[in-house]
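Structural features, examined
Each chain is listed here by its residues.
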Amino acid sequence: MKKNILGIIGSQYGDEGKGKFIDLLSEDYDVIVRYQGGDNAGHTIVIDGKKHKLRLIPSGIFANNKDIVIGNGVVINLTTLFSEIDYLIENNISTSNLYISNKAHIIFDFHIELDKLNEENKGSNKIGTTCRGIGPCYTDKAARIGIRVADLFDLDSLKEKVNLILSEKNQLFAKYNKPIFDAEKVANQYYLLGQKIKDKVIDCSVFLNNAINNGKKILLEGAQGVLLDIDHGTYPFVTSSNVTSAIAGGSGIGITKINNLLGIVKAYTSRVGSGPFVSEIHNELSTYIRERGNEYGTVTKRPRRIGWIDIVALKYAINVSGINELAITLIDVLSGIDKIKLCVGYMYEGKEINYIPPSNNEYSKCDPIYITIDGWKEDISDCKDVHSLPENCKKYLLLIQKLLATKISYISVGPDRNQTIKVGK
Ligand code: GDP
Ligand code: IMO
Ligand code: MG
């Protein structure tokens, strides 16, 4: 089958290095589409040593002459959008081919305030969200009171919609002594913001299907990771969107047309925010890895929790999403570690299990079963092919490939575009 439509998704808890691969592979595609999430994402792209960070605009924007689309499954913070457009223009990156779905939902300031309030009220049970209003915006979408891009252009009906959406929220803000929002002011403010994007608005599904019919190649950009998926992740410690199945729904491309799914896998595991993490490392080795991997949140700057690679969780992620090839990233970070562990099973109440239990309570009580292999000392960040990798590094990669029964197509040995080994290519 001709592989003309590629999805790139995170296979763990986000921050696997999706941005790098979306940028790298965009060269081979005509249209790059983000299909879910919002500015909770933080994607890093390094080109010739210069670091760029994007939260909302697809990472394919740095490739030349591509159409870049923010799909209907995304929730849009317009302030973030404009600041990213300004940043790109300052860096001589054209945004003239950036398009926005008329059906994407808008994140309002009150969603952000509500996100913060929800977290405060949860106390020690808080999710550790990015406080970008993602959950409340998707909540309104599901409650069918959300406001979409297309709604920004008719001021009278926008006022009615804002009134409706604020009626309950303002009561809640008042109850907790938080400032309330003036619906008229909010509607006027967002109407004006809407005017600034009007010429970029498209019907995403029509646009993409026309492109496909004209023989164009499409790359779909995922945010977050499978274990943060609202259905398949470690609920409730997840984000509020579908990370995997939204690939079709969030873009308006029929599911039968998506024929290749590249899972990005960090050579270890990281997680920001609360939730179970069976293979978490609780000794000084986590600091070694965190510092070498610069494991601090792109959006919130929080230190990321660090653990060994979790084969059980990865097998699950591959199964629920249909990932058919892998890119292993940040493997250079593991240089200098004497013994490397892979979590290959869990112990739950004295029994060995090889699946993720459905309840978080149970998952938090699981202990890791590890196999341990020898590490390598060499710096591998300049390696250009598989043969030049240290023997133990090759053994580690082959073991991951075997345990996951999925082909490793790329090995990433540093953040830059050119620090990438294409396996057998
Ligand atoms: P994303 O959210 O999946 O796009 O990932 P992030 O950009 O949030 O986090 C990945 C981090 O690792 C970024 O700082 C990247 O520049 C960096 N990175 C990506 N691939 C590699 C790699 O192979 N080696 C190292 N050392 N850093 C990498
Ligand atoms: P990228 O695309 C890592 C996490 C938050 C929190 C949970 C819910 O860069 O991989 P939310 O604000 O979405 O309601 O927070 O999800 N989270 C991420 N963690 N990378 C991300 O995106 C994330 N987006 C959300 O830390 O635990
Ligand atoms: Mg990130």
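Model, not experiment: these values are computed from the prediction.

What follows concerns the coordination of the magnesium ion (ligand 3). Within the protein, the magnesium ion (ligand 3) binds to Asp15 (OD) and Gly42 (O); these donor distances fall in the range 2.0 to 2.1 Å. Of this pair, aspartate 15 sits in the loop between strand 1 (5-10) and helix 1 (18-26) while glycine 42 sits in the loop between strand 2 (31-34) and strand 3 (43-47), and the two are 27 residues apart along the sequence. Judged by relative accessible area, which is 22%, aspartate 15 ranks as partly exposed. When its relative accessible area of 12% is taken as the criterion, glycine 42 is described as buried.

Moving on, we get to the packing of aromatic side chains. Taken as a whole, this structure holds 9 aromatic pairs when the rule is applied. With 4.1 Å between their ring centres and 40 degrees between their planes, phenylalanine 108 and tyrosine 190 make a pair best called tilted. Highlighted residues: phenylalanine 108 in the loop between strand 8 (105-106) and helix 3 (109-122) and tyrosine 190 in helix 6 (residues 183-197), separated in sequence by 82 residues. The pair phenylalanine 108 / tyrosine 190 is uniform in exposure class, with both members buried. Here phenylalanine 173 and phenylalanine 181 contribute two aromatic rings whose centre-to-centre distance is 5.6 Å and whose plane-to-plane angle is 50 degrees, an arrangement assigned as tilted. Like phenylalanine 173, the residue phenylalanine 181 is buried in the burial classification.

In the vicinity of ligand 2 there are 20 residues, among which Asp15, Lys18, His43, Thr130 and Thr239 approach most closely. A distance of 2.6 Å separates an oxygen atom of ligand 2 from a polar atom in the side chain of threonine 239. Computed on the free molecule, ligand 2 has an accessible area of 550 Å², of which 97% lies beneath the protein chains in the complex. Across the shell around ligand 2, the residue classes break down as 7 nonpolar, 10 polar and 3 charged.

This part covers the packing of helix 3 against helix 4 (residues 134-142). The N-to-C vectors of helix 3 and helix 4 enclose an angle of 110 degrees; their axes lie 7 Å apart at closest approach. In this view, helix 3 runs roughly perpendicular relative to helix 4, as classed from their interaxial angle. Judged by the twist between their axes, the crossing of helix 3 over helix 4 is right-handed. Between helix 3 and helix 4, the residues in contact are His111, Leu114, Asp115 and Asn118 and Ile134, Pro136, Cys137 and Asp140, respectively.

Attention now moves to the pairing of strand 1. For a regular strand, side-chain orientation follows a simple rule: the groups alternate between the two sheet faces. Buried residues dominate strand 1, accounting for 6 of its 6 residues. Neither face of strand 1 is exposed, since Ile5, Gly7 and Ile9 on one face and Leu6, Ile8 and Gly10 on the opposite face are all buried. Alignment of strand 1 against strand 10 (residues 218-221), held across 4 bridges, turns out to be parallel. Residue pairing for strand 10: isoleucine 5 is matched across the bridge by isoleucine 218. Relative to strand 11 (residues 260-266), strand 1 runs parallel, the two being bridged by 5 bridges. Note that in strand 11 the partner of leucine 6 across the bridge is asparagine 260.

Interaxial distance between helix 5 (residues 155-175) and helix 6 falls to 9 Å at its minimum, and their mutual angle equals 130 degrees. Viewed along their axes, helix 5 and helix 6 adopt a mutual orientation that is oblique. Of the two elements, helix 5 crosses helix 6, and the hand of that crossing is right-handed. Packed against helix 5, whose contacting residues are Leu155, Leu158, Lys159, Val162, Asn163 and Leu166, the element helix 6 presents Ala183, Glu184, Val186, Ala187, Asn188, Tyr190 and Tyr191 at the interface. Its residues assigned to classes, the contact of helix 5 with helix 6 shows 9 nonpolar, 2 polar and 2 charged.

This next bit is on the domain arrangement of the chain. Split into domains, the chain comes out as domain 1 (5-100 + 201-261), domain 2 (106-195) and domain 3 (266-320 + 330-405 + 414-422). Centre-to-centre, using C-alpha coordinates, domain 2 lies 37 Å away from domain 3. Contacts between the two partners involve 6 residues from domain 2 and, on the opposite side, 5 residues from domain 3. For domain 2, the biggest contributors to the area lost against domain 3 are Ile127, Gly128 and Thr130; these three give 71% of the whole. There are 0 salt bridges connecting domain 2 and domain 3. Our enumeration of links across domain 2 and domain 3 arrives at 3 residue pairs in polar contact (both at pLDDT 80 or more).

Here is what the cut-offs are and how they apply
- Once a new chain begins, its residue numbering starts again from 1 and follows that chain's sequence as written.
- Chain A is the first chain written and ligand 1 is the first ligand written, with later ones labelled in order.
- Selection of residues for local features in this predicted model requires a pLDDT of at least 70, selection of side-chain atom pairs for listing and counting requires 80 or more, and totals for whole chains, interfaces and linings are taken over all residues.
- Each side-chain value is derived from all of the structure's non-hydrogen atoms; neither hydrogens nor water enter the calculation.
- Because no water is among the atoms considered, metal sites can look incomplete, with donors defined as N, O and S atoms within 2.8 Å of the metal, or 3.2 Å for Na, K and Ca.
- Each helix is a run of DSSP H or I of at least 4 residues and each strand a run of E of at least 2, with the numbering of both proceeding from the N terminus.
- The cut-offs for exposure are 20% and 50% of the maximum accessible area for each residue type, with area from a 1.4 Å probe on protein chains only; residues under the lower value are buried, those over the upper are exposed, and the others partly exposed.
- Each aromatic pair joins two rings of Phe, Tyr and Trp (for Trp, the six-membered one) with centres within 6.5 Å, and gets the label stacked for planes under 30 degrees apart, edge-to-face for over 60, and tilted for any other angle.
- Near is defined per residue: the residue qualifies when any heavy atom it owns lies within 4 Å of the molecule or strand.
- For the purposes of these results, a polar contact is taken to be a pair of N or O atoms within 3.5 Å, where, inside protein, one atom must be able to donate a hydrogen and its partner to accept one; residues adjacent in sequence count only when each atom of the pair is a side-chain atom.
- Residue exposure ignores everything except the shown protein chains as possible cover, and the areas themselves are Shrake-Rupley values with a 1.4 Å probe.
- Classification used: nonpolar for Ala, Val, Leu, Ile, Met, Phe, Trp, Tyr, Cys and Pro, charged for Asp, Glu, Lys and Arg, polar for all others including Gly.
- Axis geometry follows a simple rule: fit a line to the C-alpha atoms, using only the stretch in contact for helices, then measure angles between N-to-C directions, giving values from 0 to 180 degrees.
- Relative orientations are named as follows: roughly parallel for angles under 35 degrees, roughly antiparallel for angles over 145 degrees, roughly perpendicular for angles from 65 to 115 degrees, and oblique for any other angle.
- A crossing counts as left-handed when the near helix is turned anticlockwise from the far one by less than a right angle, and as right-handed when that turn is clockwise.
- Whether two residues are in contact is decided by their heavy atoms: any pair within 4.5 Å suffices.
- Two strands are counted as paired when DSSP detects at least two bridges linking them.
- Each domain's limits were defined by an automated method or a database of domain assignments.
- Using a 1.4 Å probe, buried area is obtained as the accessible area two parts lose upon being combined, added over both of them.
- One speaks of a salt bridge when a side-chain nitrogen belonging to Lys or Arg is within 4 Å of a carboxyl oxygen belonging to Asp or Glu.

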